[in-house]
Amino acid sequence: ATLSYIVAVLIGGVVPIFYAPTILSVGLKEVLHSIILGAICGLYSALFVRLYNLADGLGKRAMARGGFGLLLLLGGLTLGAIGFFSLQSIGVGYGLVSNLTLNTQHYSLTALLTLTILRLFSTTVFLNFGGSGGLLTPSVVEGALIGALYSLIVFQTIEPIYIVVAMAAMLSGSHKIYLAPAAFIAET
């Protein structure tokens, strides 16, 4: 991992994983909305982890019945269908997070809700049907989508501060850690 990071930095330089505008001031309004958003992300992260565990059980049953080939076939077909419907619903998602925080692409409420649900399913299928990885990045991307949804519903516009708050809250909820997610999001 260290060697690959050094090579990546030598080739591409040091750049943030995703971009967010600088948030200059935080007042009582932002704190209150952040508390509400944190509670929403806590509930959503419980759903996220439950669905992940459900898919884990389904993946183990598929493996027991048909082996690794069946597991990959089911996962590949499911992800292919999700990707055919929406390319932004598969993949790492850093570009999606940057689009949301910089408001470079306008999303409707329906589009955000659809993306949130599809990414939830694509993550659980990918990780439990033959893919490799963890929940760190998917938690961050899901958090960005939840923050964008909240902001769009409450303020009729996407406010980057709530995307950043929701990313940290979702990461915290899905990993059962409290302060490190805020530092991680601030650093990335």
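Residues numbered from 1 in each chain as written. Predicted model: local features only at pLDDT ≥ 70, side-chain atom pairs only at ≥ 80, totals over all residues. Heavy atoms only, no water.

1. As for the overall build of the protein chain
(1) Moving on: Helix and strand counts for the protein chain come out as 7 helices and 0 strands.
(2) Moving on: Taken from the N to the C terminus, the helices and strands of the protein chain come in the order α-α-α-α-α-α-α.
(3) Moving on: Pairs at least 24 residues apart make up 74% of the contacts formed inside the protein chain by residues separated by at least 6 positions. (Helix = DSSP H or I, 4+ residues; strand = E, 2+ residues; numbered from the N terminus. Contact = heavy atoms within 4.5 Å.)

2. Here's the deal with the packing of aromatic side chains
(1) Moving on: This model, assessed by the stated rule, comprises 2 aromatic pairs.
(2) Moving on: Look at Phe 155 and Tyr 162: their rings are 5.2 Å apart centre to centre, the planes differ by 15°, and that puts the pair in the stacked class.
(3) Moving on: What makes Phe 155 partly exposed here is its relative accessible area of 21%.
(4) Moving on: Linked through ring pairs, Tyr 150, Phe 155 and Tyr 162 together constitute an aromatic cluster. (Phe/Tyr/Trp six-rings, centres within 6.5 Å; stacked < 30°, edge-to-face > 60°. Buried < 20%, exposed > 50% of the residue type's maximum accessible area, 1.4 Å probe, protein only.)

3. Re helix H2 (residues 28-85)
(1) Moving on: The first and last C-alpha atoms of H2 sit only 40 Å apart over 58 residues, clearly below the 86 Å expected at 1.5 Å per residue.
(2) Moving on: A maximum bend of about 130° is found in H2 at Gly 66. (Expected span 1.5 Å × (residues − 1). Bend = angle between axes of the 7 residues up to and from the residue.)

4. Quick look at the confidence of the model for the protein chain
(1) Moving on: Scored by pLDDT, the protein chain has a mean of 87; 89% of the residues are at 70 or more.
(2) Moving on: Helix H7 (residues 180-187) is the least confidently modelled element of the protein chain, averaging 62 in pLDDT, while helix H4 (residues 109-128) averages 94, the highest of any element. (pLDDT = per-residue confidence, 0-100.)

5. Notes on the environment of His 175
(1) Moving on: Within the secondary structure layout, His 175 lies in helix H6 (residues 160-175).
(2) Moving on: A relative accessible area of 32% places His 175 in the partly exposed class.
(3) Moving on: Sequence separation between His 175 and Val 49 is 126 residues, and the spatial gap between their C-alpha atoms is 9.2 Å.
(4) Moving on: With residues up to four places along the chain from it excluded, the contact list for His 175 reads Leu 135, Leu 136 and Ser 139.

6. Considerations on unusual backbone geometry
(1) Moving on: Although it is not a glycine, Gln 156 adopts a positive phi angle of roughly 60°.
(2) Moving on: Within the secondary structure, Gln 156 is located in the loop between helix H5 (136-155) and H6.

7. Points about the layout of surface pockets
Unoccupied space between atoms shows up once a probe the size of one water molecule is rolled over them.
(1) Moving on: Roughly 300 Å³ of internal volume is contained in the largest pocket.
(2) Moving on: Forming the boundary of the largest pocket are 16 residues, of which Gly 91, Val 92, Arg 119, Phe 126 and Pro 138 lie nearest the centre.
(3) Moving on: Elements represented by at least two residues in the lining of the largest pocket include exactly H4 and H5.
(4) Moving on: Broken down by element, the residue count for the lining of the largest pocket peaks at 5 residues, all from H4.
(5) Moving on: Of the residues in the lining of the largest pocket, the class split is 7 nonpolar, 8 polar and 1 charged. (1 Å grid on protein atoms, 1.4 Å probe; cavity = no way out; pocket = protein on both sides within 12 Å on 5 of 7 lines; lining within 4 Å. Points joined across faces, edges and corners; volume = space filled by probe spheres on them. Nonpolar A, V, L, I, M, F, W, Y, C, P; charged D, E, K, R; others polar.)

8. What about the nonpolar core?
What tends to happen in soluble globular proteins is that the nonpolar side chains get buried as a cluster.
(1) Moving on: Leu 96, Leu 100, Leu 112, Leu 145, Ile 158 and Ile 163 are the most contacted members of the largest nonpolar core, which has 17 residues in total.
(2) Moving on: Elements with a contribution of two residues or more to this core: helix H3 (94-102), H4, H5 and H6.
(3) Moving on: Cys 41, Leu 135, Tyr 162 and Met 170 belong to the second-largest nonpolar core, a separate cluster that totals 15 residues. (Core = buried A, V, L, I, M, F, W, Y, C linked by side-chain atoms within 4.5 Å.)

9. Remarks on H3
(1) Moving on: Restricting attention to buried positions, one finds in H3 the residues Leu 96, Val 97, Ser 98, Asn 99, Leu 100 and Thr 101.
(2) Moving on: Next to the buried residues of H3 lie H4, H5 and H6.

10. Here we look at the pattern of salt bridges
Where charged atoms from two side chains of opposite charge approach closely, those side chains can pair.
(1) Moving on: Tallied over the full model, the rule gives 1 salt bridge.
(2) Moving on: Between Asp 56 and Lys 60 there is a salt bridge; the shortest N-O distance is 3.2 Å. Taken as a pair, Asp 56 and Lys 60 lie in helix H2 at a separation of 4 residues, close to a single helical turn.
(3) Moving on: On the basis of relative accessible area, Asp 56 is assigned to the partly exposed category, the value being 25%.
(4) Moving on: We classify Lys 60 as exposed; its relative accessible area is 55%. (Salt bridge = Lys/Arg side-chain N within 4 Å of Asp/Glu carboxyl O.)

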